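# A closer look at the structure
Residue-level listing of the chains:
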Amino acid sequence: STNTAWAQWHQKTFNVMGTRAHVEFWLNDTANAPRLATDYIQLVEQEMQRIDAAMSPYIESSELSRINQEAAKHPVQISAELYQLIKTALDVSILSQGAFDITYASVGYHYNYRKHQKPSEAQISKSLTAIDYQAIKLNSKEQSIQFDKTDVKIDLGGIAKGHAVKNCLAILKNNGVEHALVSAGGDTGLLGDRRGRPWHVGIKHPRAEQKTAVHLPLNDEAISTSGDYERYFIQDGVRYHHIINPKTGDSARKVVSVSIIGKDPTYVDALSTAVFVKGLVDGMTLINKLPEFEAIIIDNQQTMHVSRGLQQN
Ligand code: ADP
Ligand code: MG
Ligand code: MG
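Residues numbered from 1 in each chain as written. Chains lettered and ligands numbered in written order. Predicted model: local features only at pLDDT ≥ 70, side-chain atom pairs only at ≥ 80, totals over all residues. Heavy atoms only, no water.

### Examining the site of ligand 1
Basically, it comes down to this: If even one non-hydrogen atom of a residue comes within 4 Å of a molecule or strand, that residue is called near it. Identification of polar contacts relies on pairs of N or O atoms within 3.5 Å, with a donor-acceptor requirement for protein atoms, meaning one able to donate a hydrogen and the other able to accept it, and with residues adjacent in sequence counted only if both atoms are side-chain atoms. Only the protein chains shown count as cover for residues, and the accessible areas themselves come from Shrake-Rupley with a 1.4 Å probe. Segments assigned H or I by DSSP are reported as helices when at least four residues long, segments assigned E as strands when at least two residues long, and all are numbered from the N terminus.
Neighbouring ligand 1 are 18 residues; Tyr104, Asp155, Ser226, Ile244 and Asp269 lie closest to it. Contact distances for ligand 1 include 2.8 Å between an oxygen atom and a side-chain N or O atom of Asp155. Between Arg231 and ligand 1, the recorded distance is 3.2 Å, taken from a side-chain N or O atom to an oxygen atom. Contact with the protein chains hides 97% of the accessible area of ligand 1, taken as 560 Å² for the molecule alone. Considering every element that reaches the shell around ligand 1, the biggest residue donor is helix 8 (residues 265-288), with three residues.

### A look at helix 2 (residues 33-55)
For the record, the criterion: Between the first and last residue of a helix there are one fewer steps than residues, each counted as 1.5 Å, and that sum is the expected span. Think of it in three bands: residues with accessible area under 20% of the maximum for their type are buried, residues over 50% are exposed, and the middle band is partly exposed, with areas taken using a 1.4 Å probe on protein chains only. It only takes one pair of heavy atoms within 4.5 Å for two residues to be counted as in contact.
Between the first and last C-alpha of helix 2 there are 33 Å, a value that for 23 residues agrees with the 33 Å anticipated at 1.5 Å per step. For helix 2, the set of buried residues is Ala33, Ala37, Tyr40, Ile41, Val44, Glu45, Glu47, Met48, Ile51, Ala54 and Met55. Looking at the buried side of helix 2, the elements it contacts are strand 1 (9-16), strand 2 (19-26), helix 3 (63-70), helix 4 (80-95), helix 7 (160-174) and strand 6 (180-184).

### Re the coordination of the magnesium ion (ligand 3)
Ideal geometry at a metal gives 109.5 degrees between four tetrahedral donors and either 90 or 180 degrees between six octahedral ones. Definition in use: Donor atoms (N, O, S) are those found within 2.8 Å of the metal centre, with the cutoff raised to 3.2 Å for Na, K and Ca; water is not part of the atom list, so apparent gaps in a site can occur.
Every protein donor of the magnesium ion (ligand 3) is accounted for by Asp187 (OD) and Asp269 (OD), and the metal-donor separations fall at 2.3 to 2.4 Å. The metal-metal distance between the magnesium ion (ligand 3) and the magnesium ion (ligand 2) is 3.3 Å, with Asp269 serving as a donor to both. A residue pair is termed long-range when its members are at least 10 positions apart, and Asp187 in strand 7 (residues 187-191) and Asp269 in helix 8 qualify at 82 residues. Of the two residues, Asp187 and Asp269, neither departs from the other in class, the shared state being buried.

### A look at the sheet that holds strand 14 (residues 294-299)
Test applied: Note: two strands are recorded as paired if DSSP finds a minimum of 2 bridges between them. Only the stretch in contact is used when fitting a helix axis, every axis being a line fitted to C-alpha atoms; angles between N-to-C directions are given from 0 to 180 degrees.
Strand order in the open sheet formed by eight strands is 1-2-6-7-10-13-14-15, with antiparallel pairing between adjacent strands. Across the chains shown, the open sheet's two edge strands, defined by having one partner strand only, are strand 1 and strand 15 (304-306). Taking each pair of neighbouring strands and ignoring which way they run, the sheet shows an average axis angle of 10°. The pairing of strand 14 with strand 15 spans three bridges and is classified as antiparallel. Paired with Ile298 across the bridge in strand 15 is Met304. Taken strand by strand, helix 2 contacts strand 1, strand 2 and strand 6, and its axis lies near 25° from that of strand 1. With respect to the sheet, helix 7 is in contact with strand 2, strand 6 and strand 7, its orientation differing from that of strand 7 by roughly 20°.

### Points about the pairing of strand 14
Within strand 14, six of the six residues are buried, leaving the element largely enclosed by the surrounding structure. The side-chain alternation of strand 14 yields two buried faces, one formed by Glu294, Ile296 and Ile298 and the other by Ala295, Ile297 and Asp299. Inspection of the sheet shows strand 13 (residues 255-262) paired to strand 14 by six bridges, in the antiparallel sense. In the strand pairing of strand 14, Ile260 is matched with Ala295. Connecting strand 14 to the antiparallel partner strand 15 that follows it, the hairpin turn spans four residues, and Gln302 within it adopts a positive phi of roughly 65°.

### Some words on the coordination of the magnesium ion (ligand 2)
Those protein atoms acting as donors to the magnesium ion (ligand 2) are Gly158 (O), Asp269 (O), Asp269 (OD) and Thr273 (OG1), and they sit at 2.1 to 2.6 Å. Donor residues for the magnesium ion (ligand 2), ordered by position in the chain, follow G-x110-D-x3-T. Residue Gly158 is classed as buried on the basis of its relative accessible area, which comes to 16%. Judged by relative accessible area, which is 4%, Asp269 ranks as buried.

### Points about the pairing of strand 11 (residues 232-235)
Note: strand 11 against strand 12 (residues 238-241), four bridges, orientation antiparallel. Following the sheet pairing, Phe233 is matched in strand 12 by Tyr240. Connecting the antiparallel pair strand 11 and strand 12 is a turn made up of two residues, with Asp236 showing a positive phi of about 50°.

### Concerning the sheet that holds strand 4 (residues 136-139)
Backbone hydrogen bonds are what pair the strands of a sheet, in a parallel or an antiparallel way. Here three strands make up an open sheet; going across it, the order is 3-5-4 and the pairing antiparallel. What marks the edges here is a single partner per strand, and that holds for strand 3 (76-77) and strand 4. Relative to strand 5 (residues 144-147), strand 3 is paired through two bridges, and the arrangement is antiparallel. Note that in strand 5 the partner of Val76 across the bridge is Ile145. Across the sheet, helix 4 lies against strand 4 and strand 5, angled at about 135° from strand 4, the strand it touches most.

### With respect to the packing of aromatic side chains
The cut-off we apply is this: Stacked, tilted and edge-to-face pairs are distinguished by plane angle, under 30 degrees for stacked and over 60 for edge-to-face with tilted covering the rest, among Phe, Tyr and Trp rings (Trp via its six-membered ring) whose centres lie within 6.5 Å. The criterion for a charge sitting over a ring is simple: Lys NZ or Arg CZ within 6 Å of the ring centre, and within 35 degrees of the ring normal.
Scanning all chains against the criterion turns up seven aromatic pairs. Judged by centre distance (6.0 Å) and plane angle (55°), the rings of Phe25 and Tyr40 are tilted. A residue pair is termed long-range when its members are at least 10 positions apart, and Phe25 in strand 2 and Tyr40 in helix 2 qualify at 15 residues. The burial state of Phe25 is the same as that of Tyr40; both residues are buried. These aromatic residues form a ring-pair network of at least three members: Tyr111, Tyr113, Phe233 and Tyr240. When the ring centre of Trp9 is taken as reference, the NZ or CZ atom of Arg194 above it lies at 4.2 Å. The ring of Tyr232 carries Arg239 above its face, with NZ or CZ at 4.3 Å from the centroid.

The following block contains the structure:
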């Protein structure tokens, strides 16, 4: 019956990495399905917490904090996981010509959206030279990282949630799950379809919290949305939000929402932030050059634009 079928979907929503996370998956109706469901949900939650503990800038003992405390002074040995993720971040920096840059934090850490605080002009110009992904030196033999400029700080907020989603989907898949959705904030990853039908992922309306701008039917893909409405405050009519243009140290304001679709949750996360910074013209040009990614961009007039692969006819 429909009831039994519904019971085979298992889900949980929880708080982690400063946002809401959600996991949802199908298990065949067997005697031990309820126990397995509890186990898998726990594995997913623990994985997200583990990643947060390693990569949060707010946890002083995190591996990321240790890098920020020491890498300007001497090489710091890091885990293979962090090494690889930083390498991916640098790859997207090169792809996006610096629009995605984890050293944005050199200025970015001076913003406090909750307290409506932004860095002064003087502070920005002082820290702006430290925004430079090319100052990050990775040594693959030593598995180490070093900054060759002082005052460089890194932050993985634009890529860590995609990485977490990717790992959680892999955990579910390794346990034999074939239909799953994992999301963390604006980052969603899908395993398989929703049993004969597509998953439907909504993109929020950027200026009406309860509304959805568009619903996308998707299978076996990842989608990441970057918006200027997630963490922001308005001062003197100007919106200060959490996506920073590395060239200016100010919030990026060319568009209001960017969604990227592709197979790799880590890349779509970083690319959504990158395209947000680049804006409609340059951002769309970049995505149209990358056959494995598509984009949905909402501009400042709230007009929606889609990349070539999403255009009908
Ligand atoms: P969300 O945090 O909702 O997943 P994004 O994926 O767009 O949204 O990531 C935004 C986060 O990325 C910011 O909160 C910040 O941690 C980080 N960030 C901001 N500007 C940049 C940038 N230019 N390059 C890389 N990371 C950035
Ligand atoms: Mg991102
Ligand atoms: Mg993200």
